[in-house]
Amino acid sequence: MGNRNMQKALLALVFLMGMPWGCKTDKKEDGSGEGQHIEKIVSEDLKWSERMALSEIHRFPDPTLLDFQEKSRWSYTNGLVLQAMSRVYEKYPDQRIYDYIYDYADRMVHADGTIETYKLSNYNLDMIKSGDVLFYLYGRKKEQRFKMAMDTLHTQLEGQPVTSEGGYWHKKRYPFQMWMDGLYMAEPFHAKYANTFMDQQEAQKTWDKIVLQFDQIEKHNRDPKTGLYYHGWDESKEQRWADKTTGLSENFWSRGMGWYGMALVDILDFIPESHSGRERILGYLKRYAEAIVKYQDDTGTWYQVLDMPDREGNFLEATGSCMFTYTLAKGVNKGYLSDTYMERAKKGYEGILTEFISVEENGIVNLNKCCGVAGLGGDPYRDGTFGYYINEIVRANDPKGTGPFMMASLELDR
């Protein structure tokens, strides 16, 4: 082949390699090409809350496999995302969203009310969270199996092992331990259950137990110097992660505090105004808000370990940032917090969009820089050190971030 022909062949190859293969090509009515574009799966004309809901459905077509699971399971992450989707659906009805929520409950709750993969004897507070999904669906379609499943979750809470002062153990296999997470997992569901299915006397007892859980966290987990909350407290002081004097874990983990903030702002929707503990919880929320805004970064977001922004390895983290933003925005919208906090919420939201959100060409929305998992104890052992928290997996689209992102978006009408 001559040099000229060789050059032509190479140019043709370069052209072909640059072609956008697989893209849909629009045609004008006269049949002429109008250019190529990627077909949108999620429209950019929708609100961010809708866009994230539809993106999650696209990412995880099977709602029982949320949280990157290979096998269907009853878990708190499903409940978190699906509850967020239920709020999106109520404001922006899209049958795809409702069907996705229903599909989870339909497949996980049997006709006799038993729950697939759930074991009451584990006494795991995390397993209560998906009860919020059942409560939502039962309100729309009075399927008795959903009520029976909720009865089972209530029975678990009635028998949940407790500390000497009545605080729920996080799980039976984590004896004498109260974690920040547990308040969000269990208490909003239990309050709704009490308000709907119990007589006044029984409901009063349940509200008392619910308020006690918050009282215990305030007594044991809150640091009076910073106003921040330690992730866990071990009454027995036997865990390696527990301080031998206080029983507290070592650090202020962003998402741990995020769970608690969402619990505070959500429980106030259900605790009656006449209950003596309601004003205390309002006070807890106000001083919680005062504390977290002190640690808000200039970007509007928050660090994985809240009080160590300059320590090597620490990073701005998405799930906690979404939870704090939701807590502040809802707190203002409900009148629980002063209007001054709305500017902080808006700053947080803009920071989330800038630091963590990316959008693919097909419209799918991603939430990046999410701490995938963190806990205390267990096997392999999680020691609660700074090194532990900054070295856990970081990934995109963790449901512990996408759910709160949807809820924050709704509160800010974004």
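Caption draft 1: Spatial organisation of the overall build of the protein. Scanning the protein from terminus to terminus reveals 14 helices and 10 strands. Here the protein has a C-alpha radius of gyration of 24 Å; the compact-globule value for 414 residues is 22 Å, and the two agree. Its C-alpha atoms give the protein principal-axis dimensions of roughly 90 × 50 × 45 Å. Within the protein, the fraction of its 414 residues that count as buried is 57%. Long-range pairs, those at least 24 residues apart, make up 71% of the contacts in the protein with a sequence separation of at least 6. Across the protein, the 51 positively charged side chains and the 61 negatively charged ones have centroids separated by 1 Å.

Caption draft 2: Spatial organisation of the nonpolar core. Of all hydrophobic cores here, the largest spans 117 residues; its most connected members are Trp74, Met85, Phe214 and Tyr260. Here this core takes nine residues from helix α10 (residues 278-294), the largest share from any one element. Beyond its immediate chain neighbours, meaning those up to four positions away, Phe214 contacts Leu183, Glu187, Tyr260, Ala263, Leu264, Ile267, Ile281 and Tyr284. Among the nonpolar cores identified, the runner-up in size contains 14 residues, and Trp179, Ala242, Val305 and Ile390 belong to it.

Caption draft 3: Representation of the packing of helix α11 (residues 318-333) against helix α14 (residues 399-411) within the structure. Here α11 crosses α14 at 30°, and the two axes come no closer than 8 Å. Between α11 and α14, the angle is such that the two are roughly parallel. Crossing hand, α11 versus α14: left-handed. Each of Thr319, Cys322, Met323, Thr325, Tyr326, Ala329, Lys330 and Asn333 in α11 lies in contact with α14, whose residues at this interface are Lys400, Gly401, Pro404, Phe405, Met407, Ala408 and Glu411.

Caption draft 4: Spatial organisation of the side chain of Gln177. Along the chain, Gln177 turns up in strand β3 (residues 177-179). Under the relative-accessibility criterion, Gln177 is labelled buried at 1%. Here Gln177 is in contact with Tyr168, Trp169, His170, Trp233, Asp234, Gln239 and Trp241, once residues within four sequence places are set aside.

Caption draft 5: Region of the structure containing α11. Here α11 spans 22 Å end to end across 16 residues, near enough to the 22 Å set by a 1.5 Å rise per residue. Taken across its 16 residues, α11 has 15 buried, putting it largely inside the fold. Two residues or fewer after α11 comes Gly335, characterised by a positive phi angle close to 80°.

Caption draft 6: The confidence of the model for the protein, seen in detail. Summary statistics for the protein give a mean pLDDT of 92 and a share of 91% for residues scoring 70 or more. Within the model, pLDDT remains below 50 along residues 1-33, and this stretch shows 18 contacts once partners closer than five positions in the same chain are excluded.

Caption draft 7: View of unusual backbone geometry. The amide bond that connects Asp379 to the next residue, Pro380, takes the cis arrangement and shows omega of 5°. By the element assignment, Pro380 lies in the loop between β9 (370-371) and α13 (386-391). Phi angles above zero are rare outside glycine, and Lys237 is one such case at about 60°. Looking at Lys237, the relative accessible area reads 30%, which means it is partly exposed. Positive phi values are uncommon outside glycine, yet Lys369 reaches one of about 60°. Mapped onto the fold, Lys369 is located in the loop between β8 (365-367) and β9.

Caption draft 8: Local environment of the pattern of salt bridges. For the structure shown, the criterion picks out 31 salt bridges. One salt bridge connects Lys171 with Asp126, and the closest N-O pair in it is separated by 4.0 Å. Of this pair, Lys171 sits in the loop between α6 (144-159) and β3 while Asp126 sits in the loop between α4 (95-108) and α5 (131-140); the two residues are 45 residues apart in sequence, bridging distant segments of the chain. The exposure class assigned to Lys171 is buried, which follows from its relative accessible area of 12%. Here Asp398 and Arg395 are joined by a salt bridge, their closest N and O atoms 2.7 Å apart. What makes Asp398 buried here is its relative accessible area of 0%.

Caption draft 9: Spatial organisation of the environment of Thr402. Position of Thr402 among the secondary structure elements: in helix α14. Here Thr402 falls in the buried class, since its relative accessible area comes to 0%. Sequence spacing of Thr402 and Met257 is 145 residues, and the spatial spacing of their C-alpha atoms is 17 Å. Residues within four places of Thr402 in sequence aside, it is in contact with Met52, Glu56, Arg59, Val81, Leu367 and Asn397.

Rules used throughout
Residues numbered from 1 in each chain as written. Predicted model: local features only at pLDDT ≥ 70, side-chain atom pairs only at ≥ 80, totals over all residues. Heavy atoms only, no water. Helix = DSSP H or I, 4+ residues; strand = E, 2+ residues; numbered from the N terminus. Rg over C-alpha atoms; globule rule 2.2 N^0.38 Å. Buried < 20%, exposed > 50% of the residue type's maximum accessible area, 1.4 Å probe, protein only. Contact = heavy atoms within 4.5 Å. Lys, Arg positive; Asp, Glu negative; His and termini not counted. Charge placed at Lys NZ, Arg CZ, Asp CG, Glu CD. Core = buried A, V, L, I, M, F, W, Y, C linked by side-chain atoms within 4.5 Å. Axes fitted to C-alpha atoms, helices over the stretch in contact; angles between N-to-C directions. Parallel < 35°, antiparallel > 145°, perpendicular 65-115°, else oblique. Left-handed = near helix turned anticlockwise from the far one by under 90°. Expected span 1.5 Å × (residues − 1). pLDDT = per-residue confidence, 0-100. Salt bridge = Lys/Arg side-chain N within 4 Å of Asp/Glu carboxyl O.

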